[in-house]
Amino acid sequence: MAKNMEKLDKEYGEDPLQRALDLASRSDFSRFEAGNLDRILEVHSRTPQHVRRFGTRLPDRPAIPAAPPEHAPKETRYIQQLLDVYYEKWGCSPRSPDEAHAHHRAGPNLRRQREAFYCAEQLRMFARDSVPEGTFESLQSDVYSGVSEVEEDDFPTGYARLKAVLAAARDMPLGPNVLIHYVKPEDRKGICHQLANEDRLTWVQEEL
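Only a predicted model underlies this, so the values are computations on that prediction, with no experimental measurement involved.

Peer 1: Give a description of the overall build of the protein chain that names residues and reports values.
Peer 2: If you tally the helices and strands in the protein chain, you get 10 helices and 0 strands. Traced from its N-terminal end to its C-terminal end, the protein chain shows the element sequence α-α-α-α-α-α-α-α-α-α. Considering the protein chain as a whole, with its 208 residues, one finds that 36% of them fall into the buried category. Counting only contacts in the protein chain whose residues sit at least 6 apart along the sequence, the fraction spanning at least 24 positions is 71%. With the model as given, the accessible surface of the protein chain reaches about 13000 Å², and the carbon-plus-sulfur share is 53%.

Peer 1: For the pattern of salt bridges, give the residues involved together with the corresponding values.
Peer 2: If the charged atoms of two oppositely charged side chains come close together, the side chains can form a pair. Applying the stated criterion across every chain, the model contains 9 salt bridges. By sharing partners, the salt bridges in this structure join Lys74, Glu121 and Arg124 into a single network.

Peer 1: With reference to specific residues and values, describe the side chain of Glu151.
Peer 2: Along the chain, Glu151 falls in helix 8 (residues 135-151). In this structure Glu151 is buried but unpaired, with Arg161 as the nearest side chain of opposite charge at 5.6 Å. In this view, Glu151 contacts Arg161, Val165, Arg200, Leu201, Thr202 and Gln205; residues no more than four positions away in its chain are not counted.

Peer 1: Summarise unusual backbone geometry; cite the residues concerned and give the values.
Peer 2: Unusually for a residue other than glycine, Asp199 sits at a positive phi of about 60°. Inspection of the secondary structure assignment puts Asp199 in the segment after helix 10 (185-197).

Peer 1: Talk me through the environment of Lys189; I want residue IDs and the actual numbers.
Peer 2: If you trace the backbone, Lys189 turns up in helix 10. The class for Lys189 is buried, based on a relative accessible area of 16%. Sequence-wise, Lys189 and Cys119 are 70 residues apart; in three dimensions their C-alpha atoms are separated by 9.0 Å. Residues within four places of Lys189 in sequence aside, it is in contact with Gln113, Ala116 and Leu166.

Peer 1: So what about the packing of aromatic side chains? Which residues, and what values?
Peer 2: In the structure shown here, the tally under the stated rule is 5 aromatic pairs. With centroids separated by 5.5 Å and ring planes inclined at 90°, the aromatic side chains of Phe117 and Tyr118 adopt a geometry described as edge-to-face. Assessed through its relative accessible area of 1%, Phe117 is described here as buried. One aromatic cluster is present, formed by Tyr78, Phe117 and Tyr118 through successive ring pairs. The ring of Tyr144 carries Arg200 above its face, with NZ or CZ at 4.7 Å from the centroid.

Peer 1: Could you give me a rundown of the nonpolar core, with the residues and numbers involved?
Peer 2: The biggest cluster of nonpolar side chains holds 40 residues, and the ones touching the most others in it are Tyr86, Leu139, Val147, Leu179, Cys192 and Trp203. Sorting the residues of this core by element identifies helix 5 (76-90), helix 7 (106-130), helix 8, helix 9 (158-171) and helix 10 as the ones contributing at least two each. Of the residues forming this core, the biggest block, 8 residues, is contributed by helix 7. When near neighbours in sequence (up to four residues on either side) are disregarded, Val147 contacts Val165, Ala168, Ala169, Met172 and Leu201.

Peer 1: Report on the environment of Val131, specifying residues and quantitative values.
Peer 2: As for its placement among the helices and strands, Val131 is situated in the loop between helix 7 and helix 8. Note: C-alpha distance between Val131 and Leu58 (73 residues apart in sequence) is 8.1 Å.

Peer 1: An account of a negative patch on the surface is needed here, citing residue identities and associated values.
Peer 2: Together, Glu149, Glu152, Asp153 and Asp154 make up a region of like negative charge exposed at the surface. Inspection of the secondary structure puts Glu152 in the loop between helix 8 and helix 9. Residue Glu152 is classed as exposed on the basis of its relative accessible area of 53%.

Conventions used here
Residues numbered from 1 in each chain as written. Predicted model: local features only at pLDDT ≥ 70, side-chain atom pairs only at ≥ 80, totals over all residues. Heavy atoms only, no water. Helix = DSSP H or I, 4+ residues; strand = E, 2+ residues; numbered from the N terminus. Buried < 20%, exposed > 50% of the residue type's maximum accessible area, 1.4 Å probe, protein only. Contact = heavy atoms within 4.5 Å. Areas by Shrake-Rupley, 256 points an atom, 1.4 Å probe, with all protein chains shown as cover. Salt bridge = Lys/Arg side-chain N within 4 Å of Asp/Glu carboxyl O. Lys, Arg positive; Asp, Glu negative; His and termini not counted. Phe/Tyr/Trp six-rings, centres within 6.5 Å; stacked < 30°, edge-to-face > 60°. Lys NZ or Arg CZ within 6 Å of the ring centre and 35° of its normal. Core = buried A, V, L, I, M, F, W, Y, C linked by side-chain atoms within 4.5 Å. Patch = residues over 30% accessible without salt bridge, like charges linked within 9 Å, V, L, I, M, F, W, Y side chains within 5 Å. Charge placed at Lys NZ, Arg CZ, Asp CG, Glu CD.

Here you go:
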């Protein structure tokens, strides 16, 4: 016992160790009991670490929400990039989302891109709650790696670049990732808009 006390004293210091011993001497340990293993596993199954530790199936992915009518602050940059595309392609004002929405070609395109963005955002939230940290970011990196070479190609318009990148994202093989069986085609397009939101992808570029 003395040898153990000497080791603990060196590791934690005399004062913290003494406080811990005093607390232990005043505590009623009869209030503690062994946890039920089934209950422990059930609680653990709701954590992001469960799938990595036990290799179990992920929970069902929730239904994909519709994009809200109003643009959210988190959409600002990728939508601006789309407005730049529509201005170059159809002359819509690059400062007026309402004008783009009213346009017979830009409007449907913008609505589809927003639906894709929100699909990918829902996958991000699903990953946050279901798989270890960094899993979704790894998927994003795979998509970026697959489309960045396409984005760098020469295109006559930003609209042509946008279409080519989205097609590449839709068709590319993805590396091993626990989310792979939950990824929808719209997620792939939406991830491109998440990347555009961070200026990692740019649609309208100055062509050399």
